[in-house]
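Now for the letters of each chain:
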Amino acid sequence: MATLSSLNLVTPRVVANVPDSTKGSPVKVPYVNQPWKRLSQLASRRMQVIRPVRAAPDSISEKVEKSIKEAQEACSDDPASGECAAAWDEVEEISAAAGHARDRKKENDPLENYCKDNPEAEECRTYDN
Amino acid sequence: MAVCTVYTTQSLNSACSISTPTKTHLGFHQKQVVLDSTGKITSKKGSSSSSCVITCSVDHSQTVVIGLAADSGCGKSTFMRRLTSVFGGAAEPPKGGNPDSNTLISDMTTVICLDDYHSLDRTGRKEKGVTALDPRANNFDLMYEQVKALKSAIAVEKPIYNHVTGLLDPPELIKPPKILVIEGLHPMFDERVRDLLDFSIYLDISNEVKFAWKIQRDMAERGHSLESIKASIEARKPDFDAYIDPQKQYADAVIEVLPTQLIPDDNEGKVLRARLIMKEGVKHFSPVYLFDEGSTISWIPCGRKLTCSYPGIKFSYGPDSYFGHEVSILEMDGQFDRLDELIYVESHLSNISTKFYGEVTQQMLKHSDFPGSNNGTGLFQTIVGLKIRDLYEQITASKTAAPLEATKA
């Protein structure tokens, strides 16, 4: 199942020259300050961002998004260049870091850790059927 | 008999009075004594304090070094966790150090990530237009120096490559362990480093499986799409084929992962075919075999004694030639659904270096939440872990035998 970010679809090349820090904000602010606008925009866009239930810590996730955009830009000029390969390599590296961060976050669940040691405790009962 | 060796960190200047390793006989307990040099301790800005550390421990003046090569996202971390678990204990990052350190330390093993030897950080690589796979982005001289030092029981100050920021962080102290594992993209690339390895493993994941695994890893991230994952794999492919893939000819064991052949037109990629390619004639390493060493066997365990669900399990074993070397290949296609399938298979494999019946099954169950725990990838990773333990015990046995001989004489 493909999880496509609305940013990829909706923000065309027009904002390609805008520096990264402001790229996100024109889209984000209306949601926070004017929640009614969000509803109308929801209606107008076919694809909405499907926020994953569990993702890497936000800063890394943002880095992943940013690096993908940069890679797509770098490769639009010359797909066979070293810059293109280096940019996608960066995406791979950051995605790997995001994956590890996600796994670490999973491991730090206090309930899971407790239940690993005390599977017969009340809180840890599981019902399979 | 315990032998004390003096460790000096590599960055020391001659201000320290003890510069050559000496051996004295002391008690069995591990003691650490930090000595001041005769003059003042000159602490330079940014470098470690120049102090001498005497550590008394059981002699392991020859650390066993294992190399593990694989592309990113290919199961190195899982393998590491299985390997350290075989030796007992969990491997954790060094306490009190850089939280983004890539190093893992347990009682017996220290795992070093070779990304720490990048000579160019992320911005540097972007400027030069090179990927991390390119040898130009790595400092092989430093890698060789430090692995050689650790192998000779000398502690080193190893740089840290921070994967989150993409920068090279200040170094951390690595003390020589009993078993040193170097994992990364290029453990066998440099010939000098290759000669230091006592055993080397290469994880060879086929393109379809790699794609499926990366989708599993990355699709939860917003920003990623099927196209971006595909583009990322393809952009890195030329460098991967040129620099990383050729290392498999040097490996003592290759774990190859391919899509299954049991399901025609399978495109889910859930069932995998794993092949363990073991080089013949490697010192302290005897390949695993099925039924009869050196003959070609094809085995489907499912039948009257064992009932398996679709698609079942298929094993094969036989000698072959791999890049000009004599090898034995053990192959498993399919999945384990039940515990008794695993025990049944284990009881028919020979030379798996277990200490008791059912050890492989026990290890697999212990980590049933790890990826690959129900198929050949987990099985072969566990078996290779046991083989490494066996190799380590053989090497240490041969080393303790030698000094005993010397004292007798």
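Residues numbered from 1 in each chain as written. Chains lettered and ligands numbered in written order. Predicted model: local features only at pLDDT ≥ 70, side-chain atom pairs only at ≥ 80, totals over all residues. Heavy atoms only, no water.

Section: the pairing of strand S4 (residues 64–69) of chain B
All names here are of chain B. Operational definition: To sort residues, take the accessible area from a 1.4 Å probe on protein chains only and compare it with the maximum for the residue type: under 20% means buried, over 50% means exposed, and anything in between is partly exposed. By definition, any uninterrupted DSSP run of H or I lasting at least four residues is a helix, any uninterrupted run of E lasting at least two residues is a strand, and each is numbered from the N terminus. The pairing criterion is simple: DSSP has to find at least two bridges between the two strands.
Burial runs high along S4: 6 of the 6 residues are buried. In this structure, S4 lies alongside strand S9 (residues 179–184), joined through 6 bridges in parallel fashion. Directly across from Val 65, in S9, lies its bridge partner Leu 180. As judged from the 4 bridges shared by S4 and strand S10 (residues 199–205), these two strands associate in the parallel manner. Across the sheet, residue Leu 68 finds its bridge partner in S10, namely Ile 201.

Some words on the side chain of His 118 of chain B
Residue and element names in this part refer to chain B. Worth spelling out the cut-off: Within 3.5 Å is the distance limit for a polar contact, defined as a pair of N or O atoms, with the added protein rule that one can donate a hydrogen and the other accept it, and that residues adjacent in sequence qualify only through two side-chain atoms. Note on contacts: a residue pair qualifies if any of its non-hydrogen atoms lie within 4.5 Å across the two residues.
With respect to the element layout, His 118 can be found in the loop between strand S6 (109–113) and helix H2 (122–128). For His 118, a relative accessible area of 5% gives the class buried. One polar contact links His 118 to Asn 138, side chain to side chain, over a distance of 2.8 Å. Setting aside anything within four residues of it in sequence, one finds His 118 in contact with Arg 125, Ala 132, Ala 137, Asn 138, Tyr 161 and Leu 168.

Focus on the side chain of Asp 252 of chain B
All names here are of chain B. Here is the rule we go by: When charges are counted, neither His nor the chain ends are considered; positive counts come from Lys and Arg and negative counts from Asp and Glu. Salt bridges are defined by distance alone: a side-chain nitrogen of Lys or Arg within 4 Å of a carboxyl oxygen of Asp or Glu.
Within the secondary structure layout, Asp 252 lies in the loop between helix H6 (226–244) and strand S11 (253–259). No salt bridge is formed by the buried Asp 252, whose closest oppositely charged neighbour, Lys 279, lies at an N-O distance of 4.3 Å. Discounting chain neighbours no more than four positions away, the residues touching Asp 252 are Asp 198, Phe 199, Ser 200, Ile 277, Met 278, Lys 279, Val 282 and Phe 285.

As for the pattern of salt bridges
For the coordinates displayed, the defined rule picks out 28 salt bridges over all chains. Here Arg 236 of chain B ties to Asp 89 of chain A by a salt bridge, and the two come within 2.9 Å at their closest N and O atoms. Here Arg 236 of chain B is found in helix H6, whereas its partner Asp 89 of chain A is found in helix H5 (residues 82–107) on a different chain. For Arg 236 of chain B, a relative accessible area of 4% gives the class buried. We note a salt bridge from Arg 236 of chain B to Asp 71 of chain B, for which the minimum N-O separation is 3.2 Å. Remark: Asp 71 of chain B occurs in the loop between S4 and helix H1 (76–87) and Arg 236 of chain B occurs in helix H6; sequence separation between them is 165 residues. One salt-bridge network, in which partners are shared between bridges, spans Asp 89 of chain A together with Asp 71, Lys 210 and Arg 236 of chain B.

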